[in-house]
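Each chain, written out:
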Amino acid sequence: MTLNHLKLINEAHKIAKKNFGKTFPNPVVGCIIAKKNTIISRGVTSNSGRPHAEEIAIKKAGKRAKGSTMYVTLEPCFHNSSNGSCTDQILRAGIKKIYISSVDPDIRTKNKSIKKLKDNKVFVIEGLESEKTYLLNKFFFTSLKKQRPFIKVKMAISSDEKIAWHNYQSKWISNSKSRKLAHIIRSKSQAILTTAKTIIKDDPRFTIRLQGKIDHLNIIIIDNFLKIPIKSKILQDIKKRIIIFTSNKKSKKIIKLQNLGCEVILIKKNKLGNLNLNTIVKKIYNLKISDVLVEAGGIFFSSLVKSNLIDELHIFQSNFSIGKKGIPVLIDKKIHDLKTNLLEKRKIDNNYYYKYNFFN
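Residues numbered from 1 in each chain as written. Predicted model: local features only at pLDDT ≥ 70, side-chain atom pairs only at ≥ 80, totals over all residues. Heavy atoms only, no water.

Teacher, can you tell me more about the overall build of the protein chain here?
If you tally the helices and strands in the protein chain, you get 11 helices and 18 strands. A globule of 360 residues ought to have a C-alpha radius of gyration of about 21 Å, and the protein chain, at 23 Å, matches this closely. Contacts in the protein chain between residues far apart in sequence, at least 24 positions, make up 68% of those at least 6 positions apart. For the protein chain, the accessible area works out to roughly 18,500 Å², and carbon and sulfur atoms hold 51% of it. Each charge class in the protein chain can be summarised by its mean position, and for the 70 positive and 27 negative side chains these summaries are 3 Å apart. (Helix = DSSP H or I, 4+ residues; strand = E, 2+ residues; numbered from the N terminus. Rg over C-alpha atoms; globule rule 2.2 N^0.38 Å. Contact = heavy atoms within 4.5 Å. Areas by Shrake-Rupley, 256 points an atom, 1.4 Å probe, with all protein chains shown as cover. Lys, Arg positive; Asp, Glu negative; His and termini not counted. Charge placed at Lys NZ, Arg CZ, Asp CG, Glu CD.)

Right, here's the structure in full:
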């Protein structure tokens, strides 16, 4: 494997990374077409998911694509799009070599495109920098495997692992630089998952505020008894989907919420009178939401831990203590008790940021 092939496949990953967070629920893919070691075109998955990176790069290359080499971060699709599958377009373009970082885990494509390309005398090398493709699109690989969204949890905690004072006042445990990073994490998510309790106590907007701009996310609310106030800030200016899971099918509030633009989904309560989290996350996945960021309280966090429904954890820890009467981040547990692997630790002025991977 020459150094140039590695350089070009890494360039494909570089352009894909820049567009991450904009293609949900589709993975973000980068594609480079080169001839005589010179790049002739680039493509990245479009924000709507279509056209795919390969299709864009082939169109840009035009007739120059004949006899060229393609570098792509994920196996080209086998299923049809408006111009046929990416695999068929590669064959029609006359591309002779293709370096594929990772096999597509989607059963519609998995190894089918690679076989077809090889059967049609295209030289195929797979696996180059495959770990980069996985790390970039963890949500895609995980959600397909588990048939539920990739679930991240973000929490701001004190040095003694409390999320609020005893009266639930918690205005800015983390510092301003930590909050900026938290907004970046939001911007790389498809939806926010929260609870009615969090809406009632904090009345958040759950927007993304970066570089002087305000962007909106899909919001999913678990509200067993449909207690969300109609005058909540997030209901005043609905820009994206707001999905509410409840068991309260007799409530007149359902019509009011639907008139505002909310999607209300009825769920049966379990024997303990709660909504089944496993059922909810599968329904979220069926709504084509493959990546969620949980922003809620310690009780909900603890429920997710108990149900083994967390894939990634983002902790922002301050340098001050709240005390024994504070509200704990977890019920009867500490962060170090969790089955996690520390992926990143960073000092942000007087805060620390920790990123963990869960073993589920």
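Once you've had a look at it, read on.
Hey, could you run me through the packing of aromatic side chains in this one?
In this structure the tally under the stated criterion is 11 aromatic pairs. An angle of 80° between the planes, with centres 5.7 Å apart, marks the rings of F20 and F24 as edge-to-face. A single burial state applies to F20 and to F24, both of which are buried. With a centroid separation of 5.1 Å and an interplanar angle of 10°, the aromatic rings of Y71 and Y99 are classed as stacked. Placement of the pair is Y71 in strand β3 (residues 69-74) and Y99 in strand β4 (residues 97-102), with a sequence separation of 28 residues. The exposure class assigned to Y71 is buried, which follows from its relative accessible area of 2%. (Phe/Tyr/Trp six-rings, centres within 6.5 Å; stacked < 30°, edge-to-face > 60°. Buried < 20%, exposed > 50% of the residue type's maximum accessible area, 1.4 Å probe, protein only.)

For this particular structure, what's the right way to read the sheet that holds strand β5 (residues 123-126)?
In sheet architecture, strand pairing relies on hydrogen bonds along the backbone and comes in two forms, parallel and antiparallel. Spatially, five strands are ordered β2-β1-β3-β4-β5 in an open sheet, and the strand pairing comes out mixed. The open sheet has two edge strands with one neighbour each: β2 (38-44) and β5. The mean inter-strand angle of the sheet, taken between neighbouring strand axes irrespective of direction, is 15°. Note that strand β1 (residues 30-35) and β3 share four bridges and pair antiparallel. Residue C31 lies in a different strand from β3, and its bridge partner there is V72. In the packing of helix α4 (residues 112-119) onto the sheet, the strands contacted are β4 and β5, and the crossing angle to β5 comes to about 150°. (Pairing = 2+ DSSP bridges. Axes fitted to C-alpha atoms, helices over the stretch in contact; angles between N-to-C directions.)

Would you mind going over a positive patch on the surface with me for this structure?
Taken together, the side chains of K35, K36, R64, K66 and K96 present a region of like positive charge at the surface. For K36, a relative accessible area of 81% gives the class exposed. (Patch = residues over 30% accessible without salt bridge, like charges linked within 9 Å, V, L, I, M, F, W, Y side chains within 5 Å. Salt bridge = Lys/Arg side-chain N within 4 Å of Asp/Glu carboxyl O.)

Would you mind showing me how to read the layout of surface pockets here?
Sizing a probe to match a water molecule and rolling it over the atoms shows the empty space that remains. The calculated volume of the second largest pocket comes to roughly 840 Å³. Looking at the second largest pocket, it is lined by 26 residues, and the ones nearest its centre are K17, F20, L135, L136 and K355. At the level of secondary structure, the elements contributing two or more residues to the lining of the second largest pocket comprise α1 (3-18), α5 (130-136), α6 (138-146), β6 (150-157), α7 (176-187), β15 (312-317), β17 (340-348) and β18 (351-358). When the residues that make up the lining of the second largest pocket are grouped by side-chain class, the tally is 11 nonpolar, four polar and 11 charged. (1 Å grid on protein atoms, 1.4 Å probe; cavity = no way out; pocket = protein on both sides within 12 Å on 5 of 7 lines; lining within 4 Å. Points joined across faces, edges and corners; volume = space filled by probe spheres on them. Nonpolar A, V, L, I, M, F, W, Y, C, P; charged D, E, K, R; others polar.)

Which parts of the structure should I look at to understand the pairing of β18?
Put simply, side chains in a regular strand alternate between the two faces of the sheet. Inspection of the sheet shows β15 paired to β18 by six bridges, in the antiparallel sense. Across the sheet, the residue bridging to L313 is Y356, located in β18. Pairing analysis gives eight bridges linking β17 to β18, with the strands arranged antiparallel. Each bridged residue has a counterpart across the sheet, and for T340 the counterpart in β18 is F358.

So what exactly am I meant to see when it comes to the nonpolar core here?
Across soluble globular proteins, nonpolar side chains have a tendency to be buried as a group. With 39 residues, the main nonpolar core has I220, F245, F301 and L313 as its most contacted residues. Those residues in contact with I220 that lie beyond four places of it in its chain are A191, I192, L193, T194, I243, F245, I284, I289 and V292. If you look at the next biggest cluster of nonpolar residues, it comprises 30 residues, including A57, I58, A61 and L117. (Core = buried A, V, L, I, M, F, W, Y, C linked by side-chain atoms within 4.5 Å.)

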